[in-house]
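Tertiary structure, described
Chain residues, written in single-letter form:
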Amino acid sequence: MQILDHPGRMQDVADRLRGQGKTIGLVPTMGALHEGHLSLMHRCRSENDTSVMSLFVNPLQFDRKADLEVYPRDLEGDLKKAEAAGVDLVFAPAEQAMYPEGFQTFVDVAELSRRWEGASRPGHFRGVATVVTKLFTAVKPHRAYVGQKDYQQALLVTRLVRDLNLDVEIVVMPIVREPDGLALSSRNANLSSAERRAALCLYRSLTYAEGRVRAGERDAKALLDGVRTIIEREPLARADYIACCHPETLDPLDRIEGAVLFALAVWIGRTRLIDNVLVTG
Ligand code: PAF
């Protein structure tokens, strides 16, 4: 497995691979790899000649310094997992290489960045859109693989690619969960065992919402009230936002007429977790 730490060097290797007619797949990550990332890599390997994984904790997308400081990091462990997963090339740039002095160009996906995660974490999606654009410029992938757990991010990256005519196919993969339903997340590593148990309220509330929609409930307020009650019953949990919204525009819904996305962010102690469920027909 090759490891590169400079965007320019990465571009040279990508040009060479493309020159040889090889397809490149990219799984962009911030490290602290778990089974969710590995499922993306598995699909990436099955569809591309060369599989690249980026490991870069992007400071630009952290709205709170404290969050950046506690973000789990384990480069050595990640490299072992990447190798075992059959990654051909790891792109792990240093911060200085990605954002050298004088850096001042940003990518802003205006509308999709506004709500939910964007409203709670000012500047977050500008950081995501900027780094993803830079990762695509460096790795020059034919396909990039992202998870549905970060639903708004996946939508935004898909929009970004369309709006900027980038020649990358975005593949969105389903959420990977623990057997008890907890969505895999690098942030789960920061939960105590009591918090880990409390965190199940996210999945429980989403399962409840899905069940009620399937049983015929159409009133968004009734659904949101039910979800909020489940979260509030858990003493260690505090809801940041609970969304019942259109899956493409992310606009809040009053009535469920077709597909609906339930998405939420919940503080469990000092850890903020997100999860979602898409209910279609
Ligand atoms: O989802 C993530 O891990 C990050 O937001 C991403 C897409 C790697 C950009 O830093």
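Up top is the structure.
One structure accompanies this document, and this report is about it. Quantities reported herein were computed from a predicted structural model and do not represent experimental measurements.

Looking at the site of the ligand
Taken together, Pro28, Thr29, Met30, Gln61, Val131, Asp150 and Gln153 are the residues near the ligand. Contact distances for the ligand include 2.6 Å between an oxygen atom and a side-chain N or O atom of glutamine 61. Interatomic distance of 2.7 Å between a side-chain N/O atom of glutamine 153 and an oxygen atom of the ligand. In isolation the ligand offers 290 Å² of accessible surface; the protein chains occlude 89% of this area. Residues belonging to the shell around the ligand are distributed by class as follows: 3 nonpolar, 3 polar and 1 charged.

Concerning the packing of aromatic side chains
Inspection of the entire model under this criterion finds 5 aromatic pairs. Residues phenylalanine 56 and tyrosine 99 carry aromatic rings whose centres are separated by 6.1 Å and whose planes lie at 50 degrees to one another, so their mutual orientation is tilted. Here the residue phenylalanine 56 occupies a position in the loop between strand S3 (50-55) and helix H3 (65-70), and tyrosine 99 occupies one in the loop between helix H5 (95-98) and helix H6 (117-120), the gap between them amounting to 43 residues. The exposure class of phenylalanine 56 is buried, given its relative accessible area of 7%. For tyrosine 99, a relative accessible area of 11% gives the class buried.

Observations concerning the sheet that holds strand S5 (residues 143-147)
One open sheet holds the 6 strands; their spatial order is S1-S4-S3-S2-S5-S6, and the pairing between them is parallel. Each having just a single partner strand, strand S1 (2-4) and strand S6 (169-173) make up the two edges of the open sheet. Across the sheet, the mean angle from the axis of one strand to that of its neighbour is 25 degrees, orientation sign disregarded. As paired elements, S3 and strand S4 (residues 89-91) share 3 bridges and run parallel to each other. Residue methionine 53 lies in a different strand from S4, and its bridge partner there is valine 90. In the packing of helix H8 (residues 151-163) onto the sheet, the strands contacted are S5 and S6, and the crossing angle to S6 comes to about 170 degrees.

With respect to unusual backbone geometry
Backbone geometry at alanine 32 places phi at a positive 50 degrees, although glycine is not the residue there. With respect to the helices and strands, the residue alanine 32 is situated in the loop between strand S2 (24-29) and helix H2 (35-47). For lysine 140, which is not glycine, the phi dihedral falls at a positive 50 degrees. Tracing the backbone shows lysine 140 in the loop between helix H7 (124-139) and S5.

Things to note about the nonpolar core
The biggest cluster of nonpolar side chains holds 45 residues, and the ones touching the most others in it are Met10, Val52, Phe91, Phe136, Ile170 and Leu250. Among the secondary structure elements, those contributing two or more residues to this core are helix H1 (7-19), S2, S4, H7, S5, H8, strand S7 (237-245) and strand S8 (260-268). Residue contributions to this core peak at 9 residues, all from H7. Not counting residues up to four positions away in its chain, the partners in contact with isoleucine 170 are Phe136, Ala144, Val146, Val157, Thr158 and Val161. Core analysis: the second largest hydrophobic core is formed by 27 residues, Cys201, Ile231, Ala237 and Leu273 among them.

Notes on the sheet that holds S8
Spatially, the 3 strands line up as an open sheet ordered S7-S8-S9, and their pairing is antiparallel. Unpaired on one side and paired on the other, S7 and strand S9 (271-279) mark the two borders of the sheet. Averaged over all neighbouring strand pairs, the angle between strand axes comes to 15 degrees, with direction disregarded. In this fold helix H10 (residues 200-214) packs onto S7, S8 and S9, with an angle of close to 20 degrees to the strand it touches most, S9.

The rules we used
Residues numbered from 1 in each chain as written. Predicted model: local features only at pLDDT ≥ 70, side-chain atom pairs only at ≥ 80, totals over all residues. Heavy atoms only, no water. Near = heavy atom within 4 Å. Polar contact = N/O pair within 3.5 Å; in protein donor to acceptor, adjacent residues only side chain to side chain. Areas by Shrake-Rupley, 256 points an atom, 1.4 Å probe, with all protein chains shown as cover. Nonpolar A, V, L, I, M, F, W, Y, C, P; charged D, E, K, R; others polar. Phe/Tyr/Trp six-rings, centres within 6.5 Å; stacked < 30°, edge-to-face > 60°. Helix = DSSP H or I, 4+ residues; strand = E, 2+ residues; numbered from the N terminus. Buried < 20%, exposed > 50% of the residue type's maximum accessible area, 1.4 Å probe, protein only. Pairing = 2+ DSSP bridges. Axes fitted to C-alpha atoms, helices over the stretch in contact; angles between N-to-C directions. Contact = heavy atoms within 4.5 Å. Core = buried A, V, L, I, M, F, W, Y, C linked by side-chain atoms within 4.5 Å.

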